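Chains, contacts and geometry: an overview
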Amino acid sequence: MIEELKFNYGYLFEDDLLHEINDIAVYKEFKADTTIIDTNSYIISIPLLLSGAIKILREDENGDELVLYYLEKGDTCAVTLSCCMGQTKSKIRAVSETDVKLLMIPKEKMSEWLSKYKSWQEFILQSYHSRLQEFIEAVDTIAFLNMDQRLLKYLKDKALVNHNDIINVTHQQIANDLHTSRVVISRLLKSLEKQAKIKLQRNSIKVLEL
């Protein structure tokens, strides 16, 4: 495990911290479309991604969801950090976009390492900054982009985190992620295909503009 840790985080963390993580972290694997963190659950560990991608969703009182941003290899989630610090319940749901490998760090180590390791402090601050920028981008997308623009951005983002321009996703799944109806998504997908931005295939979508 230490070699995999060095490969993914060696450029960020010093050897002493890498060895501490190796000693206390719990290794976990999740198949795609698995709920890793659920809304209203208490968070007792901080995730460090080794491979794969996770989508972070916000859920309303009716159970409708909206994708906020994605986490990839080398990332952690600022929302889980905040919940750990404040000992509050999660306000988001984290679902594996692809098969995922990660390490779970006990929340008690977060504050200890903030004072002990400068690299950990910088990593946490950078994580907050990155997630804040993504929150702002998500708000801007909802506030300022038309649904067809939001849809195209969603497809591009999904292709990038999957490292594949062919996306295996149903019209209903897209509608759920964008908090709209399947009929609207189907109509807009056909429009985007006519504009040569995507190509609709059987049970998949090829993104032509990345």
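To start, this report covers the structure provided alongside it. All values reported here derive from a predicted model rather than from experimental measurement. (Residues numbered from 1 in each chain as written. Predicted model: local features only at pLDDT ≥ 70, side-chain atom pairs only at ≥ 80, totals over all residues. Heavy atoms only, no water.)

Regarding its fold elements, the chain presents eight helices and 10 strands. Here the C-alpha radius of gyration of the chain, 18 Å, is about what a compact globule of 210 residues would show, namely 17 Å. Overall size of the chain, expressed as C-alpha extent along the three principal axes, is 55 × 35 × 25 Å. In the chain, which comprises 210 residues, the share counted as buried stands at 43%. Looking at the chain alone, contacts between residues at least 24 apart form 71% of all its contacts between residues at least 6 apart. Total accessible area computed for the chain in this model is approximately 11100 Å², and 50% of it derives from carbon and sulfur atoms. Counting 27 positive and 31 negative side-chain charges, the chain places the averaged centre of each group 6 Å from the other. (Helix = DSSP H or I, 4+ residues; strand = E, 2+ residues; numbered from the N terminus. Rg over C-alpha atoms; globule rule 2.2 N^0.38 Å. Buried < 20%, exposed > 50% of the residue type's maximum accessible area, 1.4 Å probe, protein only. Contact = heavy atoms within 4.5 Å. Areas by Shrake-Rupley, 256 points an atom, 1.4 Å probe, with all protein chains shown as cover. Lys, Arg positive; Asp, Glu negative; His and termini not counted. Charge placed at Lys NZ, Arg CZ, Asp CG, Glu CD.)

With that out of the way, let us pick up the packing of aromatic side chains. Considering all chains together, one arrives at seven aromatic pairs under this definition. Look at Phe13 and Phe123: their rings are 5.2 Å apart centre to centre, the planes differ by 90 degrees, and that puts the pair in the edge-to-face class. In this pair, Phe13 sits in the loop between helix 1 (2-9) and helix 2 (15-24) while Phe123 sits in helix 5 (residues 118-144), placing the two residues 110 residues apart along the sequence. Residue Phe123 is classed as buried on the basis of its relative accessible area of 7%. A connected cluster of aromatic rings, assembled from ring pairs, spans Tyr9, Phe13, Trp113, Trp120 and Phe123. (Phe/Tyr/Trp six-rings, centres within 6.5 Å; stacked < 30°, edge-to-face > 60°.)

This part is about the environment of Asp33. Relative to the helices and strands, Asp33 resides in the loop between strand 1 (26-30) and strand 2 (35-37). Sequence separation between Asp33 and Ile54 is 21 residues, and the spatial gap between their C-alpha atoms is 9.1 Å. Look past the residues within four positions of Asp33 in its chain and what remains in contact with it is Val95 and Ser96.

A few words on the sheet that holds strand 9 (residues 198-201). On the basis of which strands lie adjacent, the open sheet formed by three strands has the order 8-10-9 and antiparallel pairing. Each edge of the open sheet carries a strand with a single partner, namely strand 8 (166-167) and strand 9. With four bridges joining them, strand 9 and strand 10 (residues 204-207) adopt antiparallel strand pairing. Looking at strand 10, one finds that Leu200 is bridged to Ile205. Running over the sheet, helix 8 (residues 182-194) touches strand 9 and strand 10 and is turned about 125 degrees from strand 9. (Pairing = 2+ DSSP bridges. Axes fitted to C-alpha atoms, helices over the stretch in contact; angles between N-to-C directions.)

With that out of the way, let us pick up the sheet that holds strand 5 (residues 65-71). As summarised here, the arrangement of the four strands in space is 2-6-4-5, forming an open sheet in which the pairing is antiparallel. The strands lining the two open edges of the sheet, one partner per strand, are strand 2 and strand 5. In this sheet, adjacent strand axes meet at a mean angle of 35 degrees when their direction is disregarded. Sheet analysis places strand 4 (residues 54-59) next to strand 6 (residues 93-96), joined by four bridges and oriented antiparallel. Within strand 6, the residue paired with Leu57 across the bridge is Arg93. Packed onto the sheet, helix 6 (residues 147-162) meets strand 4 and strand 5 and runs at close to 40 degrees relative to strand 5.

Here we come to the environment of Lys158. Mapped onto the fold, Lys158 is located in helix 6. Among the residues examined, Lys158 registers a relative accessible area of 5% and is labelled buried. For the pair formed by Lys158 and Lys55, sequence separation is 103 residues and the distance between their alpha carbons is 9.4 Å.

Turning next to the packing of helix 6 against helix 8. Taken N-terminus to C-terminus, the directions of helix 6 and helix 8 make an angle of 80 degrees; their axes are 10 Å apart at the nearest point. Between helix 6 and helix 8, the angle falls in the class roughly perpendicular. Of the residues in helix 8, those touching helix 6 at Met147, Asp148, Leu151, Leu152 and Leu155 are Val184, Ile185, Leu188, Leu189 and Leu192. When grouped by side-chain class, the residues that make up the contact of helix 6 with helix 8 number nine nonpolar, no polar and one charged. (Parallel < 35°, antiparallel > 145°, perpendicular 65-115°, else oblique. Nonpolar A, V, L, I, M, F, W, Y, C, P; charged D, E, K, R; others polar.)

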